[in-house]
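# Remarks on the overall topology
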Amino acid sequence: MNIKDVSFERERPDVCGDAHPKALLRAIQEDGDYLLKIANQHIVSADQFSREGMRQLFRLAAKYEANPRRFSTPLQGKILISAFYEPSTRTRLSFESAWHRLGGDIMSITDRSTTGIAKGECLADVAEMFNNYGDCVVLRDNNEDSLHEMMDCLRIPIINAGNGVDEHPTQALADMYAIFKWRPDLVTDSKDKQKIRIGIIGVPNKMRTVRSFLKCLVQFSDAVSEVVIIHDEAVADSLFGNNQREQLERAGINVSTSNDLDKTLPSLDVVYINAISWEGDSFNTYGKAFHLTAASPLKSDAIILHPLARGEELSTDLDHTHHNWYFSQARGAVFLRMALLTCMVQRAERVIDVV
Amino acid sequence: MNIKDVSFERERPDVCGDAHPKALLRAIQEDGDYLLKIANQHIVSADQFSREGMRQLFRLAAKYEANPRRFSTPLQGKILISAFYEPSTRTRLSFESAWHRLGGDIMSITDRSTTGIAKGECLADVAEMFNNYGDCVVLRDNNEDSLHEMMDCLRIPIINAGNGVDEHPTQALADMYAIFKWRPDLVTDSKDKQKIRIGIIGVPNKMRTVRSFLKCLVQFSDAVSEVVIIHDEAVADSLFGNNQREQLERAGINVSTSNDLDKTLPSLDVVYINAISWEGDSFNTYGKAFHLTAASPLKSDAIILHPLARGEELSTDLDHTHHNWYFSQARGAVFLRMALLTCMVQRAERVIDVV
Amino acid sequence: MNIKDVSFERERPDVCGDAHPKALLRAIQEDGDYLLKIANQHIVSADQFSREGMRQLFRLAAKYEANPRRFSTPLQGKILISAFYEPSTRTRLSFESAWHRLGGDIMSITDRSTTGIAKGECLADVAEMFNNYGDCVVLRDNNEDSLHEMMDCLRIPIINAGNGVDEHPTQALADMYAIFKWRPDLVTDSKDKQKIRIGIIGVPNKMRTVRSFLKCLVQFSDAVSEVVIIHDEAVADSLFGNNQREQLERAGINVSTSNDLDKTLPSLDVVYINAISWEGDSFNTYGKAFHLTAASPLKSDAIILHPLARGEELSTDLDHTHHNWYFSQARGAVFLRMALLTCMVQRAERVIDVV
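Residues numbered from 1 in each chain as written. Chains lettered and ligands numbered in written order. Predicted model: local features only at pLDDT ≥ 70, side-chain atom pairs only at ≥ 80, totals over all residues. Heavy atoms only, no water.

The condition is simple: UniProt positions are given in the numbering used here, feature names are shortened, and annotations may be inferred rather than shown by experiment.
If you check an unreviewed UniProt entry, chain A appears there as Aspartate carbamoyltransferase from Idiomarina tyrosinivorans. Entered under Sequence similarities (unreviewed entry) in the UniProt record, the comment concerning chain A runs "Belongs to the aspartate/ornithine carbamoyltransferase superfamily."

### A closer look at the packing of aromatic side chains
Our working definition: A pair of Phe, Tyr and Trp rings is counted when the ring centres sit within 6.5 Å of each other, with Trp represented by its six-membered ring. The angle between the planes then sorts it: under 30 degrees is stacked, over 60 is edge-to-face, the rest tilted. Only lysine NZ and arginine CZ atoms are considered, and such an atom sits over a ring when it is within 6 Å of the ring centre and within 35 degrees of the ring normal.
As enumerated under the stated definition, the model contains 24 aromatic pairs over all chains in all. Here the aromatic residues A:Phe58, A:Tyr177, A:Phe180 and A:Phe220 are joined through ring pairs into a cluster of three or more. Against the face of C:Tyr34 rests C:Lys37, its NZ or CZ located 4.7 Å from the ring centre. One cation-aromatic arrangement involves C:Arg183 over C:Trp182; the distance from NZ or CZ to the ring centre is 5.6 Å.

### Focus on the relation of the copies chain B and chain C
Basically, it comes down to this: Overlaid copies result from least-squares superposition on C-alpha atoms, with residues included only where pLDDT is at least 70 in both.
Each copy of the sequence occupies a distinct position, and chain B is placed on chain C by a rotation of 120° and an axial shift of 0.0 Å, giving an RMSD of 0.0 Å. Such a combination of rotation and displacement between the chain copies is what one expects of a three-fold axis. Measuring from the rotation axis to each C-alpha of chain B, the shortest distance belongs to B:Asp105, at 4.8 Å.

### Brief notes about the interface of chain B and chain C
The line we're drawing: Two residues qualify as a contact provided that any one of their heavy atoms is within 4.5 Å of a heavy atom in the partner residue. Buried area, as used here, totals the accessible surface that two parts lose on assembly, with accessibility defined by a 1.4 Å probe and the loss added over both. Note on definitions: salt bridges are taken to be side-chain nitrogens of Lys or Arg within 4 Å of carboxyl oxygens of Asp or Glu. Within 3.5 Å is the distance limit for a polar contact, defined as a pair of N or O atoms, with the added protein rule that one can donate a hydrogen and the other accept it, and that residues adjacent in sequence qualify only through two side-chain atoms. Per the convention used, a helix needs a DSSP run of H or I reaching at least four residues, while a strand needs a run of E reaching at least two, with both numbered from the N terminus. Under the scheme applied, nonpolar residues are Ala, Val, Leu, Ile, Met, Phe, Trp, Tyr, Cys and Pro; charged residues are Asp, Glu, Lys and Arg; polar residues are all the others, including Gly.
Contact residues are listed per partner, giving 38 residues for chain B and 30 residues for chain C. Buried area between chain B and chain C, both sides added, is near 3200 Å², and the carbon and sulfur share of it is 53%. Between chain B and chain C we count 1 salt bridge in total. Measuring nitrogen to oxygen at the nearest pair gives 2.6 Å for the salt bridge that ties B:Asp125 to C:Arg310. On inspection of chain B and its partner chain C, the count reaches 11 residue pairs in polar contact (both at pLDDT 80 or more). Every element with two or more residues in the side of chain B that touches chain C is listed here: β2 (105-109) and α6 (123-133) of chain B. The greatest single-element share of the side of chain B that touches chain C, amounting to 6 residues, is contributed by α6(B). Split by residue class, the side of chain B that touches chain C holds 16 nonpolar, 13 polar and 9 charged.

### A word on the pattern of salt bridges
Worth spelling out the cut-off: For the exposure calls, accessible area comes from a 1.4 Å probe over protein chains only, and a residue counts as buried if that area is under 20% of its type's maximum, exposed if over 50%, partly exposed in between.
One pass over the full model with this rule turns up 69 salt bridges over all chains. Between A:Glu86 and A:Arg208 there is a salt bridge, and its shortest N-O distance comes to 3.1 Å. With A:Glu86 in the loop between β1 (79-84) and α5 (90-101) and A:Arg208 in helix α9 (residues 208-218), this residue pair connects regions lying 122 residues apart in the sequence. Each member of the pair, A:Glu86 as well as A:Arg208, carries the same accessibility label: buried. Between C:Asp189 and C:Arg51 there is a salt bridge; the shortest N-O distance is 2.8 Å. One end of the pair, C:Asp189, is in the loop between α8 (169-182) and β5 (196-201); the other, C:Arg51, is in helix α4 (residues 51-66), and 138 residues separate them in sequence. A relative accessible area of 18% means that C:Arg51 is categorised as buried. In this structure, a network of salt bridges that share partners links the residues A:Glu30, A:Arg59, A:Lys63 and A:Asp353.

### Details of the side chain of C:Asn132
Tracing the backbone through its elements, the reader meets C:Asn132 in helix α6 (residues 123-133). The class for C:Asn132 is buried, based on a relative accessible area of 6%.

### Section: the domain arrangement of chain A
Residue and element names in this part refer to chain A. We apply this condition: Where each domain starts and ends comes from a domain assignment, either automatic or drawn from a database.
The domains assigned to chain A are domain 1 (16-168 + 333-350) and domain 2 (169-331). Computed from C-alpha atoms alone, the centre-to-centre distance between domain 1 and domain 2 is 23 Å. At the junction of the two partners, domain 1 supplies 42 residues and domain 2 supplies 42 residues. Across the domain 1 to domain 2 interface the summed buried area is about 3600 Å²; carbon plus sulfur atoms make up 59%. The largest contributions to the domain 1 side of the interface with domain 2 come from Arg51, Val165 and His168, which together make up 20% of the buried area.

### Some details on α5(A)
Residue and element names in this part refer to chain A. Short version of the rule: The length a helix should cover is 1.5 Å for every residue beyond the first.
Over its 12 residues, α5 extends 16 Å from the first C-alpha to the last, a length consistent with the 16 Å expected when each residue adds 1.5 Å. Taken across its 12 residues, α5 has 11 buried, putting it largely inside the fold. Here α5 has its buried residues at Arg90, Thr91, Arg92, Leu93, Ser94, Phe95, Glu96, Ser97, Ala98, Trp99 and His100. Of the residues trailing α5, Gly103 is marked for its positive phi of about 90°.

What follows is the structure, given as structure tokens:
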């Protein structure tokens, strides 16, 4: 065996390098109060974040990403309860990696059948148990209501890591963080920034990632001129849920729809694509007709986001193009979660610059 | 979304507050020798604990509970093998939380089908493997004998976390700890304490939690005037196992039985209720006719204990009454296990006051 | 209950004691350069190790085993991704114990059905995810090619912990380490050492442990006079894979075959026995006619190795004889993996004597 066959490059740069998080860090002025306040909230919906609250989270995420080894112990002595009752590795490991990188310990539950819930234990009692066992809960459950049943009894914070078709707020924060890493000017209050046009290949009313993402956009309406939903004809009638479109429009963001991807692509700055929707115990795939490939008529400086895992909708021939910001998005999700988790367990004062 | 909807109170007091563990701590004089001696024992049965050994464990548990942040690293560098071959989250997380809170690392096995045992590996060989991999084993297995097969080959301590219908000694210690937190005078050697009457809704011969609990009571016969077993008529003939009733009576504790809950309740100081019995791969439910609710004719200062998870036998309308000591019992179980684990891996000298 | 029944001896000596690792440590002169170089390699095949590279790994393993408490934090802040898509406890816990003993944190995946792979995610994307989440990957997968698909996208090192019928290189290193602990003179360059004759009860072409072991032997041909493969008549035609026999013979090691165990045993110094071969989702058992027992005609000073878990092929009546080096082999595997992992995550300089 040739040693070359088994050697690898640690330093192969990310698609986007660390210049981007550094630039984002510089673009936002620290205001630690917003981070300190997060300590007393459960994270349920993207709705609950203010513009400035998000900006401060993105800043802390960028601080972590710009210098990944600077902080290694702010969560020392803290225990995460990682409860994934719906199959997931990507999100679970993203949270667990974030927690470990900050020096905390973890207890995982990866299967509902191994738990008391299988014996009919109510979620309020599970929450009461969690109060005694850990300092923070991350919950994924295909039942939308489980989160709320637990919340009522929790004296430690819980994070919604995907509850059925409802929301997935930390994914949306990571999506926004990727956009602002790409264009730090968009996160500022400057009046003369060039607004972007975002296309979403997906179904706002069926996909929790899209639902939460749209809610985040509302707070940054000064950066977004238009959102175009690209969809199958089949879902045209149920594309938007209650108030989804209205919330964007009230914020001053134009909303349009399209069922012709290639006609729409040339005008988009950000293309967000997702095909899977979690519904109950299973998932559905939408937009089978829509494929992004290196041959797609993308604007030359457009970026593609995808919450991953991907299927055929996103061709791997895009991976080595500069359109690929989905890998940066996935990487950034760890740092974004580090920022959020630090705040939630009352350790923000260990990492903010001025207290 | 209103931020109020997602805010929570960290400091909502426990049902019982920390005055109780502090009072218990004061009620017992430290004698570290008893704790040092635990290092060379497997924990198999509630029978193996002396009165003074238990008192010292309760004292250390109370020391931990009275000041949860005082000791965070006594188990640093120690590895727990958490082997739960029978479904469980509550007990597993209770042990794992206890271990993590003391700074140790954990390797979990939550499914027999992922192990060599599935390929027919004998437990003696598994034990031999464990000797090399960790510093302490916690085992739950529905086969009563697995524990003993492993013990013979272990050079590190093992804890029985429930072996079929046999025993669950750490649960029983946690039960006793809850009683003594409630009434610290009961743990003392004082001659003039007011004895309590304990009712047990359950089947001593079928329930491992009850079996272990009764064995603990034997050592505190000066605190217990009577044990009343409240049971279905259907199990009247097989209520007690070999020597169970005799052991209590020899210790001077009256034993009586009843099949009328509401008639018995008004005379009880402690009501211990459990409906589930683990038998082989499955479980049975007993006492379906017995329900405790806020309307039950409880003595005004009676407390209720339940090993949890609960079913319909224990109504949630009791949760916010002062009868609810089952939440305190569950919480205390973590601190009790912290005390026991510290001793078992030879780190008691790091936490006792005088060595 | 008698306390004697639950007491145990921590200090019951290993079959072989720590004199052996100490002697091995003395037999090899440190050359840290070889250890530093391992940092940029994936571990795929036993082929990739040079003689001196192996010697230095064995030396570091012996340093760890000779004084298990000397180094407890070289992996602090490092995260292991332990991905076992094929059932395993022994190998998984061996790696995880090695990592924890050096102070690192772990994220485990023990079931493919809980992962994105179940939804059709490609392994290249999983690898991309792993780049962001951890510092090292240990992979077991019954598909030989999974490892290679991941490698292409990884910027962190991956270790092959068994890929189908192909290889299991760290097991083979542990096997060699056991042999050299037993006879440290064999690892030296001395010209006048007494070569050993190794019998292998197994099928080189079907068993990954045997395949990797034979590749390691090639580098120590000065210590091995002959390898005898003891096999069922049924597999005679497919005993060796492409180049397996030739590679040994080119290195100057005689290769012979036998189907008569008891006739062959009296001439063997080392008897390596294994009955199970992993093939796809399942396993096959070979050599059902071959049993080693205390009554087998072993040379008086012969040692037995077995990768474990064992079945009927290896009788437990050998456990308390001095032929039993399989327990020492299993124990040593933890220290061998500690040595390898330390190097792979660029922490060798923390544990080598002279940098």
